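Close look at the chain arrangement
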Amino acid sequence: MVIYNIIPKPNKYVYGDSEYEISSKSEVLCSKEFVEAGNYLTDYLKTKPEENEGFIKIKKVEGMPSEAYTLKITNDGVFINAGDYAGAFYGAVTLKTILMQAKKQNGKAVLNTLVIEDKPDNAYRGAMLDCSRHFFEIDTVKSLLDNMAFLKLNKFHWHLSDDQGFRIESKQFPELNKIGSKRASRHLKGFGMENDNVEDYHFYTQEEIKDIVAYAKQRNIEIIPEIDLPGHTMAILAAKPELSCTGEKAEVLTVNGISKAILCAGNEAVFEFLDKLFDEICPLFPSAQFHIGGDEAFRGYKLWDDCPKCSALKQKEGIGSNKELQIWFMNRACAILKKHGKTPVAWDDCMGDSLDSSIACQFWRPNAIGTVRKQSLKRDVIISSTSYFYFDLKYSVISLKKAYKFNKVKVGLNKPGQRILGLECELWTEWIDSKASLEFSAFPRMNAFAEVAWTELKNRSFTDFYKRLAWYKTYMKIKDVNYSRVESGFILPKGIVYHLGEDGSEFKKSAEIKNAEK
Ligand SMILES: [Zn+2]
């Protein structure tokens, strides 16, 4: 009997002692809502059905929980039951994984009989990609979505605007692209990517975005765009300097780091701009959520202090601090977004009791845990702690094992009444400038993350996960995914070097091991 290596580990399964054969001649039968899930299998099997050659049935069953599925491989056939498309798709993903690993005999896959009853521990299982610091071609984004879907991740948080570039086409404001999507150097200064003075000019057209959204949807992945506000806005302000407190000319940042750029809170034109921009962008993304950043804006607080418009607003509204002014700003942005049918998400920096409670909190700073615990009683929370899930950090800082060891109970985010939506891993790209370096940082840590997000704590074991991971490494090799061969710290260079690319040592070491494997 072959024991299948499945990540994330199904929450309940029992192996039988019999077999069933599936081949490209087997039929895939689906309820009409689940045709795309069936196509995921037929694309793999290259099905040309013939009679009496076996079948796979994907059937809608009312009343099953969202995203849940059962997979039964019996002597009579293969049966996937689910209540929604997500469940049907995940049943198909599990079956595809099994088909790939099954014993092959006379051109057929010989499957062990088994019963799997599975559903995710967290409804939100996401990954974020920063396309501002470095831009990634559509094929790279799609390849990431493929790998995410194979690990049953269902949210793609797309960081589309930051100091280093605005990456989404705006027909309303063409200057956001002509100026904001362009910077003087492709690379941000750093290891292997010194400023090369070759112009970087990239954004996704609205047609490309629609294509990616549809591609993600087939894979049960929802795309949540982020336009970071009111800080991290140098690219926007380079295009629209009239929206800053000083009105001074600005340039898109060509180095790593966070600028002091901030949108003026006291200028109504800022909110008119956001209204028009959201009106244009929101319809491109079917997701109910929309991320509005809110992080690290304090770097621009001095500009607010010195601004007559911001000062006048504080006085008029009785706002005592810049933190409160930021909350006032986020609440305005929230009201505009709601008008366009979206629910906002923001980083934990801007949380406070006066912040609109419909704004979900994305937890990232470990020292904000107290605030987040408290806020989780009144608003939704997404956990993406820097200590576990920032996969742009070195493996010597977040090892594969460390990513796997995250436990909601230990951080006190599992209590009754707390509104925890789920988990998200982050791929910031100051130091990630290629598909190869992106895959190196993401994998295999994303495999660990996917299991932490899907599989219940009582069913998780790192030793067991690590054994199953061996098959996924072979799979990634075949798929030419440049997963890291370094999984834990080997030499931690002196000084504070956190990000993967900062001295390039891990990347080089991984390449050495990869070459030795050949
Ligand atoms: Zn101002």
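Residues numbered from 1 in each chain as written. Predicted model: local features only at pLDDT ≥ 70, side-chain atom pairs only at ≥ 80, totals over all residues. Heavy atoms only, no water.

Of the regular secondary structure elements, the chain holds 17 helices and 18 strands. Here the chain has a C-alpha radius of gyration of 24 Å; the compact-globule value for 518 residues is 24 Å, and the two agree. Every one of the 518 residues in the chain was classed for burial, and the buried ones make up 58%. Accessible surface computed for the chain: about 20,900 Å², of which carbon and sulfur atoms make up 51%. Averaging the locations of the 72 positively and 70 negatively charged side chains of the chain gives two centres separated by 4 Å. (Helix = DSSP H or I, 4+ residues; strand = E, 2+ residues; numbered from the N terminus. Rg over C-alpha atoms; globule rule 2.2 N^0.38 Å. Buried < 20%, exposed > 50% of the residue type's maximum accessible area, 1.4 Å probe, protein only. Areas by Shrake-Rupley, 256 points an atom, 1.4 Å probe, with all protein chains shown as cover. Lys, Arg positive; Asp, Glu negative; His and termini not counted. Charge placed at Lys NZ, Arg CZ, Asp CG, Glu CD.)

Quick look at the domain arrangement of the chain now. How large an interface is tends to be reported as the accessible area lost when its parts come together. Each assigned domain of the chain is listed here: domain 1 (13-118) and domain 2 (124-509). Centre-to-centre separation of domain 1 and domain 2, based on C-alpha positions: 36 Å. Taken together, the contacts link 14 residues of domain 1 with 14 residues of domain 2. When the two sides are added together, the surface that domain 1 and domain 2 hide from each other amounts to roughly 1,200 Å², 55% of it contributed by carbon and sulfur. Applying the counting rule to domain 1 against domain 2 returns one salt bridge. Seen at the junction of domain 1 and domain 2, the total is eight residue pairs in polar contact (both at pLDDT 80 or more). If you list the elements that add at least two residues to the side of domain 1 that touches domain 2, you get helix 1 (35-45) and helix 2 (85-101). It is helix 2 that contributes the most residues to the side of domain 1 that touches domain 2, nine residues altogether. (Domains from an automatic or database assignment. Contact = heavy atoms within 4.5 Å. Buried area = accessible area lost by both parts, 1.4 Å probe. Salt bridge = Lys/Arg side-chain N within 4 Å of Asp/Glu carboxyl O. Polar contact = N/O pair within 3.5 Å; in protein donor to acceptor, adjacent residues only side chain to side chain.)

Before going further, it helps to examine the packing of helix 14 (residues 435-442) against helix 17 (residues 505-517). Two elements in contact, helix 14 and helix 17, have axes separated by 11 Å at closest approach and are oriented at 90°. Looking at the two axes, helix 14 sits roughly perpendicular to helix 17. Within the contact between the two elements, helix 14 uses Ala436, Ser437 and Phe440 and helix 17 uses Glu506, Phe507 and Ser510. The class makeup of the residues in the contact of helix 14 with helix 17 is three nonpolar, two polar and one charged. (Axes fitted to C-alpha atoms, helices over the stretch in contact; angles between N-to-C directions. Parallel < 35°, antiparallel > 145°, perpendicular 65-115°, else oblique. Nonpolar A, V, L, I, M, F, W, Y, C, P; charged D, E, K, R; others polar.)

Regular strands have side chains that alternate between both faces of the sheet. With four of its five residues buried, strand 4 (residues 69-73) lies for the most part within the structure. Alignment of strand 4 against strand 5 (residues 78-82), held across five bridges, turns out to be antiparallel. When the sheet's bridge partners are listed, Ile73 is paired in strand 5 with Val78. Strand direction decides the pairing type here: strand 4 and strand 7 (residues 108-118), joined by five bridges, are antiparallel. In the sheet register, Leu71 faces strand 7, and the bridge partner there is Ile116. (Pairing = 2+ DSSP bridges.)

The subject of this paragraph is the nonpolar core. In terms of nonpolar packing, the biggest core is built from 160 residues, with Leu95, Leu111, Phe156, Trp158, Tyr204, Phe285 and Met446 touching the most fellow members. The greatest single-element share of this core, amounting to 11 residues, is contributed by helix 2. When residues of this core are sorted by domain, at least three fall in each of domain 1 (13-118) and domain 2 (124-509). Ignoring any residue separated from it by four or fewer positions in sequence, one finds Phe156 in contact with Ala127, Leu129, Val141, Leu144, Leu145, Met148, Ile221, Glu222, Ile223 and Ile224. By size, the runner-up hydrophobic cluster in this structure holds five residues, among which are Tyr124, Ile224, Val345 and Ala360. (Core = buried A, V, L, I, M, F, W, Y, C linked by side-chain atoms within 4.5 Å.)

Moving on to the side chain of Ser510. Residue placement: Ser510 occurs in helix 17. There is a polar contact of 3.0 Å between the side chain of Ser510 and the backbone nitrogen of Arg485.

What follows is about helix 10 (residues 322-339). Three or four residues apart is the spacing at which side chains of an α-helix point the same way, because the helix has 3.6 residues per turn. Compared with an ideal rise of 1.5 Å per residue, which puts 18 residues at 26 Å, helix 10 spans 26 Å between its outermost C-alpha atoms and is within 8% of the ideal. For helix 10, the full list of buried residues reads Asn322, Leu325, Gln326, Ile327, Trp328, Phe329, Met330, Ala333, Cys334, Ile336 and Leu337. As for helix 10, its buried residues are in contact with strand 13 (222-229), helix 7 (268-281), strand 14 (289-293), helix 8 (301-305), helix 9 (308-317) and strand 15 (343-347). Once helix 10 ends, the next one or two residues include Gly341, with phi positive near 85°. (Expected span 1.5 Å × (residues − 1).)

Attention shifts here to helix 9. Taken as a whole, helix 9 has its buried residues at Cys310, Leu313 and Lys314. Each buried residue of helix 9 lies within a common arc of 100° when the element is viewed along its axis, so the set occupies one face. Residues Pro308, Gln315 and Lys316 are exposed on helix 9 and point more than 90 degrees away from its buried face. If you follow the buried residues of helix 9, they end up packed against helix 8 and helix 10. With its phi angle positive at about 65°, Gly318 sits one or two positions after the end of helix 9. (Arc of directions from axis to C-beta.)

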